[in-house]
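Working through the structure, step by step
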Amino acid sequence: MTTEKKNHIMHQYCFYQSPIGKLLLIGTDGILEALHFPNETKTTDIAEEWQYDETCFQPVLRQLAEYFSGNRQQFDLKIAPKGTPFQEKVWQELRRIPFGRTASYQDIAVSIGNAKACRAVGMANNKNPIPIIVPCHRVIGKNGSLTGFGGGLDIKKQLLDLERGVYTGD
């Protein structure tokens with residue numbers, strides 16, 4: 001019976017050609033579970049049983065296009081990032097960082113009620129399965145420096161520049 005249930009859950013995927021490269025979207029029944037950058041250090045293999053389906057991702061594709069064109073500041077999508085309760089708490093807090101603004105790892109640690117958890121916040125940020133939409137790119141070092149990012153620091157800078165209205169598309 002467990003095998004039947006597993007086979008019933010069908011993952012869908014599609015690609016979105018963004019100004020920062022081709023993004024891989026993964027989800028189930030129209031709920032976004034992951035977004036991967038083209039140059040991530042971790043690779044994502046598309047399972048043979050997954051189904052390519054752009055139609056179930058139409059809201060995501062539309063909102064990403066609006067974001068990259070400067071016409072969307074907040075995403076309103078069904079998402080299901082999977083992580084530990086601590087990670088999910090951090091990811092929820094990331095969604096509160098306003099468009100065009102940044103917060104430090106320390107700021108996030110304080111806001112979740114654990115000022116000493118800066119390193120753990122950084123690790124949760126690193127495990128965020130839905131970057132851009134859960135805006136981990138808005139988290140910077142306490143001294144204002146750009147720090148690690150799954151898509152690479154160049155992409156982090158491009159996303160922050162886009163949100164500040166200074167993105168040139170380079």
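Owing to the predicted nature of the structure, the values given are computational and were not obtained by experimental measurement. (Residues numbered from 1 in each chain as written. Predicted model: local features only at pLDDT ≥ 70, side-chain atom pairs only at ≥ 80, totals over all residues. Heavy atoms only, no water.)

Before going further, it helps to spend a moment on the nonpolar core. One finds Leu-25, Leu-64, Phe-68, Ile-132 and Ile-133 to be the most contacted residues of the largest nonpolar core, which totals 41 residues. Of the residues forming this core, the biggest block, five residues, is contributed by helix 2 (residues 58-68). Not counting residues within four places of it along the chain, the set of residues in contact with Ile-132 comprises Ile-20, Leu-23, Leu-35, Phe-37, Leu-64, Tyr-67, Phe-68, Phe-75, His-137 and Leu-159. Tyr-13, Leu-24, Ala-34 and Trp-50 belong to the second largest nonpolar core, which has five residues in total. (Core = buried A, V, L, I, M, F, W, Y, C linked by side-chain atoms within 4.5 Å. Buried < 20%, exposed > 50% of the residue type's maximum accessible area, 1.4 Å probe, protein only. Helix = DSSP H or I, 4+ residues; strand = E, 2+ residues; numbered from the N terminus. Contact = heavy atoms within 4.5 Å.)

The next thing to look at is the pairing of strand 3 (residues 31-36). Working note: regular strand, side chains alternate between the two faces of the sheet. Along strand 3, five of the six residues are buried, which leaves the element largely enclosed by surrounding structure. Direction of pairing for strand 2 (residues 21-28) relative to strand 3: antiparallel, over a ladder of five bridges. Note on strand 3: the bridge partner recorded for Ile-26 is Ala-34. Once strand 2 ends, the chain turns through two residues before running back antiparallel as strand 3, passing Asp-29 with a positive phi of about 50°. (Pairing = 2+ DSSP bridges.)

Below, the discussion takes up the sheet that holds strand 3. Across the sheet, which stays open at both edges, the four strands sit in the order 3-2-1-4 with mixed pairing between neighbours. Edge strands, defined here as strands with exactly one partner in the open sheet, are strand 3 and strand 4 (51-52). On top of the sheet, helix 2 reaches strand 1 (11-18), strand 2 and strand 3; it is set at about 20° to strand 1, its chief contact. (Axes fitted to C-alpha atoms, helices over the stretch in contact; angles between N-to-C directions.)

Glancing now at helix 6 (residues 153-164). The terminal C-alpha atoms of helix 6, which comprises 12 residues, lie 16 Å apart, in line with the 16 Å expected from a rise of 1.5 Å per residue. Considering only its buried residues, helix 6 is in contact with helix 2, helix 4 (105-111) and strand 6 (139-140). At the C-terminal side of helix 6, Gly-165 shows a positive phi close to 80°. (Expected span 1.5 Å × (residues − 1).)

On to the side chain of Ser-18, then. Along the chain, the position of Ser-18 falls in strand 1. From its side chain, Ser-18 meets the backbone nitrogen of Ile-20 in a polar contact 3.1 Å long. Discounting residues that sit within four places of it in the chain, Ser-18 has contacts with Leu-23 and Phe-68. (Polar contact = N/O pair within 3.5 Å; in protein donor to acceptor, adjacent residues only side chain to side chain.)

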